[in-house]
Amino acid sequence: MRRSPTRTPTASARNWGRQPLRPTPIIRPNHEPERRCIGCGARSARARLIRFANVKGLVVPDPRATLPGRGAWLHAARDCWEAATARRAFNRAFKAPVSIPQDTVDFTHTWPRSASTS
Ligand SMILES: [Zn+2]
């Protein structure tokens with residue numbers, strides 16, 4: 001009887017070190033999509049955060065999350081907005097230099113001062 005072919009040891013060795021160094025995502029039952037607020041850094045349900053998109057180098061609100069590309073998520077709160085702009089968190093979130101048009105600033109002025117997380 002023939003022995004089954006031995007597994008090639010190089011197959012796994014070849015991929016060694018190429019695995020991305022990120023922790024295994026925790027899959028929970030009844031998983032609700034979460035995003036990290038770039039202002040306060042807390043994770044929240046997607047529904048509690050406003051998405052911003054980078055449109056030709058400008059930060060624009062995308063409340064319906066329909067714009068393509070990388071998004072930045074923020075609690076609809078002035079505190080989180082101010083923290084994000086003070087730390088230039090949008091540049092980091094988009095991995096590109098972006099500027100914030102007055103329209104976007106006006107948009108955030110309708111927000112309450114701090115996020116109601118209750
Ligand atoms: Zn926040």
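Here is a short report on the structure shown in this document. (Residues numbered from 1 in each chain as written. Predicted model: local features only at pLDDT ≥ 70, side-chain atom pairs only at ≥ 80, totals over all residues. Heavy atoms only, no water.)

### Topic: the coordination of the zinc ion
Note the cut-off: A donor here means an N, O or S atom no more than 2.8 Å from the metal, or no more than 3.2 Å when the metal is Na, K or Ca. Since water is not included, a site may seem to lack partners. A four-donor site is classed as tetrahedral when every donor-metal-donor angle falls between 85 and 135 degrees; four donors are called square planar, and six octahedral, when trans pairs exceed 155 degrees and all remaining angles lie between 65 and 115, with any other arrangement labelled irregular.
All of the protein donors around the zinc ion are Cys37 (SG), Cys40 (SG), His75 (ND1) and Cys80 (SG); their distances to the metal are 2.0 to 2.4 Å. Angles of 103 to 116 degrees at the metal separate the four donor atoms of the zinc ion, which places the site in the tetrahedral class.

### Comments concerning the pattern of salt bridges
Note the following rule: Should a side-chain nitrogen of Lys or Arg be within 4 Å of a carboxyl oxygen of Asp or Glu, the pair is scored as a salt bridge. Only runs of H or I of at least four residues qualify as helices and only runs of E of at least two qualify as strands under DSSP, and these elements are numbered from the N terminus. Whether a residue is buried, partly exposed or exposed follows from its accessible area with a 1.4 Å probe, protein chains only, as a fraction of its type maximum: under 20%, in between, or over 50%, in that order.
Tallied over the entire structure, the rule returns five salt bridges. A salt bridge links Arg51 to Asp62; the nearest nitrogen and oxygen atoms lie 2.7 Å apart. Here Asp62 lies in the loop between β4 (58–61) and β5 (71–75) and Arg51 lies in strand β3 (residues 49–55), a separation of eleven residues in the sequence. In this structure, Arg51 and Asp62 share a single accessibility class: buried. When salt bridges with common partners are traced through the structure, they connect Arg78, Asp79, Glu82 and Arg113 into a single cluster.

### Concerning the sheet that holds β4
Our working definition: Strands are treated as partners if at least two bridges between them are detected by DSSP. Between N-to-C directions, angles span 0 to 180 degrees; the directions come from axes that are lines fitted to C-alpha atoms, helices contributing only their stretch in contact.
Taken in spatial order, the three strands of this open sheet run β4-β3-β5, and their pairing is antiparallel. The open sheet has two free edges, formed respectively by β4 and β5, since each of these has just one partner strand. Here the average twist between neighbouring strands, direction ignored, is 35 degrees.

### Quick word on unusual backbone geometry
Glycine aside, residues mostly have negative phi angles, and peptide bonds mostly take the trans form. Positive phi is not limited to glycine here, since Ala65 has a value of about 55 degrees. Its place among the elements puts Ala65 in the loop between β4 and β5. In this structure Ala65 comes out as partly exposed when scored by relative accessible area, which is 27%. One non-glycine residue, Lys95, lies in positive phi territory at about 55 degrees. Relative to the helices and strands, Lys95 resides in the loop between α3 (89–94) and α4 (102–108).

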